[in-house]
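Letter by letter, the chains look like this.
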Amino acid sequence: MTWPGDTWPGDPFDLPREAALLAAANRTTLASDRRLAGVVAPGSAEELRAVLRAAVRDGLALHPVSTGRNWGYGSRRPHRNGAILVSLAALDAIEDYDEVTGTVVVGPGVTFAALAAFLASRGGRFQPPRTGSSPGSSVVGNIAERGIGKDLYEDMAGHLVGLAVMTADGGLHEVGPMRGPILPPAGPDLRGLFVQGNLGIVLRARIRLALTPPVRQVVAAALPSHGALAAFVEASRAALQIGDPWLRVEIVNAARAVAQDEESPGAPWLAYATVWGKGPEDLALRARTAANLLGRCGTGLEVCAPDDGPPAAPSTTGLHSAYHGKPFAMPDDPDPDRDRCGVLWVTANLRHHGGEVAGITEAFETIMSAHGFAPALSLRAIDGRSLRLVAGLFGDRDRPGDDARATACAEALHALMARNGIPVGRRTSAQEVGQDLDQNPGDARLARALKRALDPDEILAPGRGIPAGPPLPGLPLTFGGPPDDPVLDDLARQMAADLDGLVAGLPEGLARDARAALAAYAGKHPTFFGLYYRPTWSFLARVALPGPAARHRPRLRRLHALTLFLHLWDDHLADGQLAPTLGRIHLRSCAWSAMEDEAAALSRAAGLPDAPWRDAAAAYLEAVGAPPEPADLDAALALARREAALCTIAPGLHAALAGEDAAALARIIEDFAVAWRIVDDLQDIGRDAAAGRRSTVRLALTGAAAGAWDAAGVGDPRALAALAARLGPAVPGLVARAQAALDAARAVAQAHGWRDLAADLAASRVVIPDVAAPDPALR
Ligand SMILES: Cc1cc2nc3c(=O)[nH]c(=O)nc-3n(C[C@H](O)[C@H](O)[C@H](O)COP(=O)(O)OP(=O)(O)OC[C@H]3O[C@@H](n4cnc5c(N)ncnc54)[C@H](O)[C@@H]3O)c2cc1C
C-alpha cells in the first residue's frame, strides 16, 4: 500500500515528498475548486479496511476511484475538498469467467484493454465492452459512473450482475449473485445502490458479456433539420421498443463529428443504425428495416457493406475530441489531464420523444454557441423509451478564459434542464450533489437514512450520489495537556510494551492484524496510550508506592494498560468501528483473562478480597454490554461513570497498596471520564445528531433544539442547519459541567496531597480554541 508520505494513518497533510504524486492526481480537464489532500493505493481488501479505519479516526473523507480517468466529469478530483484519493487500480484480477452464463468477475483495476485481451484469449465468444474513452480506463469505474458503452454495451450499469462492496465499517458484502445463476435471488435487489452512489467501495463486479454476433452492418443517413431529427426519433421508437438487442441507434451533430476528427456530414445531424445478425439473411432483414427507417427521415442514405470481422477492440480513437480545443494533435499516448485539455460533459436523460429531443437539442446549441463553443452533441438511444443527450464542451485549459466559459456554459445548460424538469444523467465532481434530490424530499430522506446507517461518519465520497448532511461540525473543544514530561513519556512506552507482550502471545497472523489495528489507532501518537488523556493513567507515576509496595509497580502498570485497552477495544467492537474478526475477539478474551489474573494477584498482595474489582468489572460489562437508555443528562453521566469502572480497578489497588484512599483515586478517574464524555460528545455533535444518538448534547437540549436534533436523526435534510442555529444555550452549560467534573477531580487529588496529579488535572482544563470566526454556540 502506498501511503501519502509514510505518515498516514496519522497525518495525511504531511505530504512534501508526495507533492508530485498529489499534483498529478489533482489534474483535471475542468475548473474545480475541490482538491485532493492525499493519495492511497490499497493493494488488498485488508489494506482498504485499514484506510477506512484511519479515515473514521481522523474524520477525513475518502474519494474512491478505479483507474481515475473520469475525464470530462472531474477526473480524480473529489466532490468534497480535502478528500483522500483511494486508487483501486492495483486490484486488477480477472476471475470466474463462466461461458455458460457469459459472465466474468473483474476487479476495479481491470481495464477495457485487459478484459478485451482476456476474452480474445478465451476464443472471442463474447464481445469485450468498450467506450469512447481510453482502453486504459476501468470497466468497474465506468459501471460505477453509469457509463455509456459502444456497440452491444449501451448502458454499462445494465450489465452488472453482482458486486462485492466494502462499506465504511470495513464490512465486505456480496450484493447480487457473484457466482452461479445470474438471476438475483429472492429478496430485494440492492445492486443499484452502489452505482453513482456513495454507500460503499466496489472491490469486484460480475458483469454480463454480450455474445459476439457473427455479422454486422452499419446504415447511416444525414438529417437535414431539427424536424428530420424529430421525425427519426419518433420513427425509431417502435423498432427499439420491441427490444431487439441487435439494433443500436446513435445520432451526432456536425460539431460532434468534427470534434471527433471525422468528416463533416454536410448536414446538421448524422444518424447511424448498427445491426447485427446470426448470418447473411438475418442481417439483411435487419439492415433493410434500418434503411427503411433512415431513408424515410434522412437524406444521402449509406448502407455500408456487411462486416464479419472481429468486434472492434478498445482504442484511443474516441479521445480525439478531447484534443479538439488544443493547438496540437492528439499524441500517441493521450492523457487529457496531463495535456490540459478542456473537457466538460453535460449529460441529460430524455424521453424518446421527437419533439422534446428536437426542442432541447436546439436550446443546447443556442446556449453553447452563445458561450463560444461549437455545440458538439450526441444522442444515444437506449430502448425506445429513453435517450441520453451528451454535450461536450471542448477547450484548452491553457487558454485564458476557457475554464470560466466552460463552467458558465455548463451552469446555463443545467439551469435550462432544471427549468424543464430534465434530469442530469451524470454529474461532474466539481460540485456536491444536492439540488435534484432535494426536489424530491422522499428520495432525499430515504437516501440520507441509508447513508446514515452505512456511513455515519460520512467518510465515503461525501457529496457524490447521495447528498451529504448539511455540515454541522463538532465543536473543536479539547483538554489542555500537561507540559512535556519524560517520566510520563517513558510510562506510556512501558504500557505499550506491556500490551505488545500480550499481542506477541497470539499466533503470528492474529498478532499482525492486532498490531496493525493498534498502530492505526495510535496514529500520530508515538504509542497507543497517547490516545488517552494523561490524567487517566499518570497516577501510576504521580502517586508514590512506598517501600515494598514499589515492587508491584510493573503489575499495576500492566493491569491498567489492559483495562484502558479493553475499554476502547470493547467500545469499538460493540459499535462496529472495529470489525469483529475472530482474532480481535480472541485478543479481547486474552486481555480480559490477563486483566483478571493481575487484579486477583494484586488484590491478594494488598490483602483485599476479590469482590471490589469483580464488582467494578461487572458494572463495566453491564454498562457497556447492555446500556440502559439514559432518561436525562444526569443518568447519561452516571452511565459514563459506570463505563469507566473497569479503569478504576488499577487505581483502587494502587491506592490500597500505597496505603492511600482507594475510593478517592478511583473517583478521580470517574470524574475525568465524565468530563471526557461531555467533551467527546461536543466534538461529535454533527455526527451524533445525524445518527440520531441520544448523546449528552441531545439530553441537554430542550424545546425546538431537541426537536431539530430528533428530526435530523430521522433524516430530515434541513434539520441539522436548524439545529446549528439553536444549539447555543446548551453548549456553555455542558462545557461548565465538564469543567466542574475536572475541578472535582483536582480537589480530591489536592485533598489527598497528590500534588503532581492535581497539577496534571489543572493543566487539563477544557480548552476552547481561539478560532478566527468564533462559533456563536461556544460563546
Ligand atoms: C473524449 C472522451 C470520450 C469519452 N467517452 C466516453 C464514453 O463513450 N462512455 C463513457 O461512459 N465515458 C466516456 N468518457 C468519460 C470517462 O473517460 C469514462 O467514463 C471512463 O471510463 C471513466 O474513468 P474510469 O473508468 O477510470 O473510472 P474512475 O475514474 O475510476 O471512476 C469513475 C467514478 O466512479 C466512482 N468509482 C469508481 N470506482 C469505484 C469503486 N471501485 N467503488 C466506488 N466508486 C467508484 C468514483 O466516483 C469515480 O470518480 C469519455 C471521456 C473523454 C475525454
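Residues numbered from 1 in each chain as written. Predicted model: local features only at pLDDT ≥ 70, side-chain atom pairs only at ≥ 80, totals over all residues. Heavy atoms only, no water.

In the nomenclature of an unreviewed UniProt entry, the protein chain corresponds to FAD-binding PCMH-type domain-containing protein from the organism Methylobacterium aquaticum.

Student: Can you explain the overall build of the protein chain? Please cite residues and give values.
Tutor: When you go through the protein chain residue by residue, the secondary structure sums to 26 helices and 20 strands. Viewed in the frame of its principal axes, the protein chain has a C-alpha envelope of about 105 × 55 × 50 Å. Expressed as a percentage of contacts within the protein chain between residues at least 6 apart in sequence, the contacts between residues at least 24 apart total 72%. If you sum the accessible surface of the protein chain, you get close to 31400 Å²; carbon and sulfur atoms cover 55% of it. (Helix = DSSP H or I, 4+ residues; strand = E, 2+ residues; numbered from the N terminus. Contact = heavy atoms within 4.5 Å. Areas by Shrake-Rupley, 256 points an atom, 1.4 Å probe, with all protein chains shown as cover.)

Student: Explain the sheet that holds strand β3 (residues 83–87) residue by residue, including any values.
Tutor: Spatially, three strands are ordered β1-β3-β2 in an open sheet, and the strand pairing comes out parallel. What marks the edges here is a single partner per strand, and that holds for β1 (36–40) and β2 (62–65). Strand-to-strand twist in this sheet, taken as the mean axis angle between neighbours without regard to direction, amounts to 25°. Relative to β3, β1 is paired through four bridges, and the arrangement is parallel. Its bridge partner being in β3, Gly38 is matched across the sheet by Ile84. Set on the sheet, helix α2 (residues 45–58) makes contact with β1, β2 and β3; between it and β2 the angle comes to about 155°. (Pairing = 2+ DSSP bridges. Axes fitted to C-alpha atoms, helices over the stretch in contact; angles between N-to-C directions.)

Student: Requested: an account of the site of the ligand, with residues and values cited.
Tutor: Near the ligand, the surroundings consist of 31 residues, among which Ser66, Thr67, Arg69, Ser133 and Arg426 are the closest. Interatomic distance of 2.9 Å between a side-chain N/O atom of Arg464 and an oxygen atom of the ligand. Summarising the interface, the protein chains cover 96% of the accessible area of the ligand, which totals 950 Å² for the free molecule. When contributions to the shell around the ligand are tallied by element, the ones reaching two or more residues are β2, α4 (139–144) and β9 (201–208). (Near = heavy atom within 4 Å. Polar contact = N/O pair within 3.5 Å; in protein donor to acceptor, adjacent residues only side chain to side chain.)

Student: A description of the environment of Ala447 should follow, citing residues and the corresponding values.
Tutor: By the secondary structure assignment, Ala447 is in helix α11 (residues 441–454). Judged by its relative accessible area of 12%, Ala447 is buried. (Buried < 20%, exposed > 50% of the residue type's maximum accessible area, 1.4 Å probe, protein only.)

Student: Can you lay out the UniProt feature "domain: FAD-binding PCMH-type" (unreviewed entry) in the protein chain for me, pointing to particular residues and giving the numbers?
Tutor: Here the UniProt-annotated "domain: FAD-binding PCMH-type" (unreviewed entry) positions come out as residues 32–212. For residues 32–212, the end-to-end C-alpha separation is 41 Å, with 17% helix and 25% strand making up the annotated structure. (UniProt positions renumbered as here; feature names shortened; annotations may be inferred.)

Student: Tell me about unusual backbone geometry, and name the residues and values.
Tutor: In the Ramachandran plot, Ser75 falls in the positive-phi region, its phi being about 55° despite a non-glycine side chain. Inspection of the secondary structure puts Ser75 in the loop between β2 and β3. Within the chain, Ala461 stands out as a residue other than glycine whose phi angle is a positive 35°. With respect to the secondary-structure elements, Ala461 resides in the loop between α11 and β19 (478–479).

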